[in-house]
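Analysis of the macromolecular model
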Amino acid sequence: MFQPVILWTDALIFLLLAAVTAFFVYARRQPHLRDPLRRVAQSRAGMVSMVVLAAYVAIGLLDSLHFRPALPGKPGAGVQYAVETLSVLDKLATPLRERNEKTYSAPFATHAYAKEVVELPDGREVRDFPRLKYGGAHLVDPEAWLSDVLVRTLKAETLALATWLLAALALCAWLAHRNAGSLSTTWRAVWRGETPIPWRAGLLTLGLLLLLVFPALALSTHYHVLGTDKVGQDVLFQTLKSVRTGLVIGTLTTLVMLPFAVLLGIMAGYFRGWIDDLIQYLYTTLNSIPGVLLIAAAVLMMQVWMESNPDLFDTVAARADARLFFLCAILGVTSWTGLCRLLRGEALKLREMEYIQAAHAFGVSHWRIIGRHLLPNVMHIVLITVVMDFSGLVLAEAVLSYVGVGVDPTMQSWGNMINSARLEMARDPMVWWTLAAAFLFMFALVLFANLFADTVRDAFDPRTRR
Amino acid sequence: MTAYLLRRILYALPILLGVNVITFVLFFMVNTPDDMARMNLGVKHVTQEAIDKWKAERGYDKPLLYNASVSGAKALTDTVFFEKSVSMFAFDFGRADDGRDIAREIKTRMGPSLAIALPVFAVGLAVNISFALLMVFFRASYLDFAGVVLCVAMMSISGLFYIIAGQYLVSKLWHLVPISGFAGGLDAFKFLVLPVAIGVVSGIGAGARWYRTLFLEEMGKDYVRTARAKGLAETAVLFRHVLKNALIPILTGAVVVIPLLFMGSLITESFFGIPGLGSYTIDAINAQDFAVVRAMVFLGSLLYIVGLVLTDISYTLVDPRIRLE
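Residues numbered from 1 in each chain as written. Chains lettered and ligands numbered in written order. Predicted model: local features only at pLDDT ≥ 70, side-chain atom pairs only at ≥ 80, totals over all residues. Heavy atoms only, no water.

Description of the overall build of chain A
When you go through chain A residue by residue, the secondary structure sums to 16 helices and five strands. When the backbone C-alpha atoms are referred to their principal axes, chain A occupies close to 100 × 70 × 55 Å. Within chain A, the proportion of its 466 residues that are buried is 47%. Within chain A, contacts between residues separated by at least 24 positions form 71% of all contacts whose residues are at least 6 apart in sequence. Of the roughly 23200 Å² of accessible surface on chain A, 66% is carried by carbon and sulfur atoms. (Helix = DSSP H or I, 4+ residues; strand = E, 2+ residues; numbered from the N terminus. Buried < 20%, exposed > 50% of the residue type's maximum accessible area, 1.4 Å probe, protein only. Contact = heavy atoms within 4.5 Å. Areas by Shrake-Rupley, 256 points an atom, 1.4 Å probe, with all protein chains shown as cover.)

See below:
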């Protein structure tokens, strides 16, 4: 019993997903797009990064299905829904979400980070590190946590290996079925790296990923794998929640700016004359305002606006989501100029080509020429820019949150995690785990996004084509 | 040349006017000055008198675009938009919320900002170019590959990480330099070493990789083949021919950011407690001081346009084939 909630960014994410699917369906039938896409799949770096990025996207999508659970009410009365908006990921990670400690605790700790007055069984009171409420609470002897962790890890790794083998077998069976070959020859070809698509690299990455994910999941039910933060929340849960924020900023920003950049850029290059002057003036003006300052000014103003219109948002999640969406929009406003300028130059060049001149001579209308002849021929530039911008935007989120103009403080994001944890560096012993978790997850996402972007650029850029 | 410069400066005016309109729309149209006053005074039940007083102190108590109460040209000039725009162009930024003169504050804070930004820029440029040259010299070898991998990894690390890790290692663990702060004169050195080093290191990844592609593009040109055919050594080809020619895009790309160095770096300055323009801006954002943020937006745009003009001039200086007309 629940009430589905579609936040603004959720809707846009699924719109984006539909757009990407439509693009692939379209690209399969277009040789000039199909070949570069195949080159992406055939490169090893592309394969590895796709597997890792798919894992991030899966987490992000699970976190984008929101609902409000029904409250246990009296029978007969109408169903009441909770004020809190949950996502499927929240539901799956309920143990992580609800098992909160009092305050900081280190990864795998059984005792709290700070000393407290503890009552001994014989009634005396001493200041000591108290046992955690959940972390390692099942242990009779907390000193034995290491062996417990090792046993659990080993079990999980066995399961991971089994799952991985099953996945590899399933892949080979599918390949054998498709190529009408036998399973054993396919298996051998895959492991010798003789397949045109580097399945071996993909499978090895998947294996490593499973070997990391399974033990983390298995251990997280009894320990805080990445420790807890100031209010005792599990850091692993926080980083997982932050994945969606990072992905949303990286993808929706480009989605927001794309229509403007493509339309205005092509128009400027195609029509020239006063339209070109006007559009050039527009983007030079926007470009001349330092990006961070424009974002800061816009976010400040939005805060004032939200403050004076509080009744527009019914839940905290809706409010935070509106702010996230607005941040994407304003980031889009500051970042469309580069693509616009590139497209203008390309359109200037293309409009002199024979096929466009011929279309013109046949009396094809301007908009039809733009839609049918120009747009498909600048698609590769759009695609390369979208993929290249992604990692920069993920990194920008952390910086903006530090400046105080990033996502809502109630929203989980790597920027907010770093921001809240950086002041704890001075403590002794140091609280390092929040920072480490945020930086590590962000680094992995950005690194593989960069690798993927390079592969896409190499495959689609006609200048690098041999 | 003079005519060209004059035209460029005239061309910059509508852009600055556009920037002014954008900031005006952002700061005064999206929210009325009443909203800002209520937000700034911070209390739930603010009296109308307090709001009026706040607005009057800042000169926000006039109509925004059109003053119907006076006639003639004054209907357009006696407004918030006109007064604020004109004073911006005259570099009269008004007063911050704490009562200080913004223009004077900017003047005193420019020094510390430059003390960080200039070395980061110069040393960074030198380091990136040398690193890129090294990779190009050993191109298509394992050394080159390792260098590219290192670059991609370094540019994937958040800039905040470099600062936090650097402060922790150098200042807290090894006690080499103070964690943050600033002093005038020669004492400034020990405060500046770490931020400058971190600024340089965090820029290597993206910078060196970019210069490497520039050099490689240059390596494919005909004159390089000719130089090799003449029997020149690889080092001579690289340093005498390729480097010189690649300097044109490098220099022109670098010139555009030079004026913006005055604005300082937001993140570095606030982490290291340097009293420059970057930390001034951040403080203003956090204190929601609209006048300061507006002034900084205007200043930033102005410096950017100056950078564009300088770029054009530097083109003619380094490349005699280009003439400004």
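Some points on the pairing of strand E4 (residues 116-119) of chain A
Every regular strand shows the same layout, with side chains that alternate between the two sheet faces. Residue and element names in this part refer to chain A. Of the pairings in the sheet, the one linking E4 to strand E5 (residues 125-128) comprises four bridges and is antiparallel in character. Of the residues in E5, the one forming a bridge with Glu-119 is Glu-125. The antiparallel hairpin formed by E4 and E5 contains five residues in its connecting segment, where Gly-123 sits at a positive phi of about 95°. (Pairing = 2+ DSSP bridges.)

A few points about the interface of chain B and chain A
For an interface, size is often stated in terms of accessible area lost upon the parts coming together. Facing the 43 residues of chain B at the interface are 45 residues of chain A. A buried area of about 3800 Å², summed over both sides, lies between chain B and chain A, and 76% of it is on carbon and sulfur atoms. Run the count over chain B and chain A and you get one salt bridge. The salt bridge partner of A:Asp454 is B:Arg209, with a shortest N-O separation of 2.5 Å. Remark: the boundary between chain B and chain A carries five residue pairs in polar contact (both at pLDDT 80 or more). If you list the elements that add at least two residues to the side of chain B that touches chain A, you get helix H1 (2-29), helix H2 (33-41), helix H7 (142-155), helix H8 (159-173), helix H9 (188-219), helix H12 (266-272), helix H13 (277-287) and helix H14 (290-318) of chain B. Ranked by the residues each element gives to the side of chain B that touches chain A, the list is headed by H14(B), at eight residues. Class assignment for the residues of the side of chain B that touches chain A results in 29 nonpolar, ten polar and four charged. (Buried area = accessible area lost by both parts, 1.4 Å probe. Salt bridge = Lys/Arg side-chain N within 4 Å of Asp/Glu carboxyl O. Polar contact = N/O pair within 3.5 Å; in protein donor to acceptor, adjacent residues only side chain to side chain. Nonpolar A, V, L, I, M, F, W, Y, C, P; charged D, E, K, R; others polar.)

Notes on the packing of aromatic side chains
Scanning the model with the defined rule gives 15 aromatic pairs over all chains in all. Each ring, one from B:Phe137 and one from B:Phe138, has its centre 5.2 Å from the other, and the planes form 90°; the classification is edge-to-face. The partly exposed category is assigned to B:Phe138, whose relative accessible area is 35%. In textbook terms, an aromatic cluster arises when at least three aromatic residues are bridged by ring pairs, as seen for A:Tyr104, A:Tyr113, A:Trp432 and A:Trp433. The ring of A:Tyr270 has A:Arg351 sitting right over it, with the charged end atom 5.8 Å from the ring centre. (Phe/Tyr/Trp six-rings, centres within 6.5 Å; stacked < 30°, edge-to-face > 60°. Lys NZ or Arg CZ within 6 Å of the ring centre and 35° of its normal.)

Comments concerning the pairing of strand E2 (residues 66-69) of chain A
Residues and elements named next belong to chain A. Inspection of the sheet shows strand E1 (residues 2-5) paired to E2 by four bridges, in the antiparallel sense. Directly across from Val-5, in E2, lies its bridge partner His-66. Of the strand pairs in this sheet, E2 and strand E3 (residues 86-87) are connected by two bridges, and their pairing is antiparallel. Looking at E3, one finds that His-66 is bridged to Ser-87.

Examining helix H5 (residues 80-89) of chain B
Residue and element names in this part refer to chain B. Looking at H5, one finds that the buried residues are Val-80, Lys-84, Ser-85, Ser-87 and Met-88. Summarising the axial view, the buried residues of H5 lie within an arc of 165°, below the 170-degree limit, and thus occupy one face. Lining the buried residues of H5 we find H1, helix H3 (48-58) and H14. Phi for Phe-91, located one or two positions after H5, is positive at around 60°. (Arc of directions from axis to C-beta.)

As for helix H1 (residues 8-28) of chain A
All names here are of chain A. In this model H1 runs 30 Å from its N-terminal to its C-terminal C-alpha over 21 residues, within 8% of the 30 Å that 1.5 Å per residue would give. Considered for burial, the residues of H1 that qualify are Thr-9, Asp-10, Leu-12, Ile-13, Leu-16, Phe-23 and Ala-27. Along the axis of H1, the buried residues cluster in a sector spanning 165°; they form a single face. Along H1, the residues that are exposed and aim more than 90 degrees away from the buried face are Leu-15 and Arg-28. (Expected span 1.5 Å × (residues − 1).)

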